[in-house]
Amino acid sequence: MTDPATPFDPKQVQEWFPSPTRETYFNTAGSALCPRPVRDEVVGVLDALTADVADAYRDYAPRVRLLRLCLAEMMGATPEEIAITHHTAESASIVANGIDWREGDTIITLDREYPSTVYPWMRLERERGVRLVMLEEREGRLSEDEIIAALRRERPRLFALSAVEWCSGWRFELQEIGRVCRELGTLFFVDAAQSLGFWPFDVRACHISALAGSAWKWLLGPPGQGYLYLRRGLLDEVRPVFVGSETVVNAHDYLDYNLTPRPGMRRFEYSTGNLSALVWFGAAVRFVRKLGLDEIRAHVFALQDYALERLGELGCELRGGGPAERRSGIIAFRHPTLDSPTLERTLREDAGIRARERDGFIRLSFHAYNSRLGVDALIEQLSRL
Ligand SMILES: Cc1ncc(COP(=O)(O)O)c(C=O)c1O
């Protein structure tokens, strides 16, 4: 893949994201706006599917292969190590339900993680006698030293962590945590939903065992599509919970039944994929790559600096900012007098501003489609309240 990065030309941004509300759409961390060129590709595949489903699957197969390749490259893996799933919850559930747990095994996670990567472990605690330890975050973060101390103390079978905290935007330093997990024989499960597409990943350098996430945030992809990377050596330790025509080695010899699983991660995709969503996902990942992750981060960080400065002038309590390596696409603020759930509603109803209340703060997540214009609109609205 050699698509050159495209500089942020405001005229192109207008063409790519024609939505009239894009300037005050601050919810990429919830679900991103779909770029026009991506939308056009989806219209193309819908037309093809309408004409002939089988032909469409054949003709678009190379684009689905390209999706696997691009995703794999973004995380430093190979396409055979990736399954396309429906969401983070499914990816985490594949891992949680596929491992042969032993009574008394310990899982560690943090106490403010997103439910999709909490409930799969919680259910193991309830039904399989696994011990779940939830480390307490303070102000949307926890130091790596504290995490590592807990890992050494508890020696868990699995440690689950989001690379970026979904409410505060705090970015964890994964490499040392991963190294300690490897030393202890702990599986390192990383939720990359708020990170892949914004920061590059290196699953090997970080000793990540499994990486999961969703398509519709920083990858600008479709709702209801996600991914799961599993380190190659773990493939046979995770038993597929669901099986179907695509799980097995001879996937298209329909009547020569043979339960032997395929050699790669596609064994977890188990049956017919949703082609229009896969093409959307592929076009979106290529679009993000074309913009360039470095360029996206530079644009977003500059906008965050501006927003944090202006929000600080209004006396708001802030989360975010600081050194680049600790930052993500998310910042958050709390108004000095207005409670955040009321403020979320007021901003939406009075000014069309899309920003969600999360953990007592208003979360702001910018992307290429945002500029100072939108931040000024937010500040003006807040000044009026
Ligand atoms: C950290 C994190 N993980 C996962 C998700 C989404 O989970 P799922 O893909 O299961 O919908 C979110 C959505 O906000 C999130 O912030």
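Residues numbered from 1 in each chain as written. Predicted model: local features only at pLDDT ≥ 70, side-chain atom pairs only at ≥ 80, totals over all residues. Heavy atoms only, no water.

> Describe in detail the pattern of salt bridges, supporting the description with residues and values.
With the rule as written, the count across this model stands at 34 salt bridges. One salt bridge connects Glu 144 with Arg 326, and the closest N-O pair in it is separated by 2.7 Å. Of this pair, Glu 144 sits in helix 6 (residues 144–154) while Arg 326 sits in the loop between strand 8 (317–319) and strand 9 (330–334); the two residues are 182 residues apart in sequence, bridging distant segments of the chain. Accessibility expressed as a relative area gives 11% for Glu 144, which makes it buried. (Salt bridge = Lys/Arg side-chain N within 4 Å of Asp/Glu carboxyl O. Helix = DSSP H or I, 4+ residues; strand = E, 2+ residues; numbered from the N terminus. Buried < 20%, exposed > 50% of the residue type's maximum accessible area, 1.4 Å probe, protein only.)

> Could you give an account of the site of the ligand, naming the residues involved and the relevant values?
In the vicinity of the ligand lie 13 residues, with Thr 88, Ser 116, Asp 191, Gln 194 and Lys 217 positioned nearest. A distance of 2.6 Å is found between a nitrogen atom of the ligand and a side-chain nitrogen or oxygen belonging to Asp 191. Contact with the protein chains removes 92% of the 400 Å² of surface that the ligand exposes when unbound. Class assignment of the residues belonging to the shell around the ligand gives a composition of five nonpolar, six polar and two charged. (Near = heavy atom within 4 Å. Polar contact = N/O pair within 3.5 Å; in protein donor to acceptor, adjacent residues only side chain to side chain. Areas by Shrake-Rupley, 256 points an atom, 1.4 Å probe, with all protein chains shown as cover. Nonpolar A, V, L, I, M, F, W, Y, C, P; charged D, E, K, R; others polar.)

> Give a detailed account of the sheet that holds strand 1 (residues 82–85), specifying residues and quantitative values.
What the seven strands build is an open sheet, ordered 1-7-6-5-4-2-3; its pairing is mixed. Pairing within the sheet leaves two strands with one partner each, and these edge strands are strand 1 and strand 3 (131–135). Direction aside, the axes of adjacent strands within the sheet are offset by 15° on average. Sheet analysis places strand 2 (residues 106–110) next to strand 3, joined by five bridges and oriented parallel. Looking at strand 3, one finds that Ile 108 is bridged to Val 133. Across the sheet, helix 3 (residues 53–75) touches strand 1, strand 6 (210–214) and strand 7 (226–230), and the angle it forms with strand 1 is around 115°. (Pairing = 2+ DSSP bridges. Axes fitted to C-alpha atoms, helices over the stretch in contact; angles between N-to-C directions. Contact = heavy atoms within 4.5 Å.)

> Any chance you could break down the sheet that holds strand 9 for me, citing the residues and the numbers?
In spatial order, the strands read 8-9-11-10; together these four strands make up an open sheet with antiparallel pairing. Of all the strands in the sheet, the pair left with one neighbour each is strand 8 and strand 10 (356–358). On average, each strand axis in the sheet is inclined to that of its neighbour by 35°, with strand direction left out of account.

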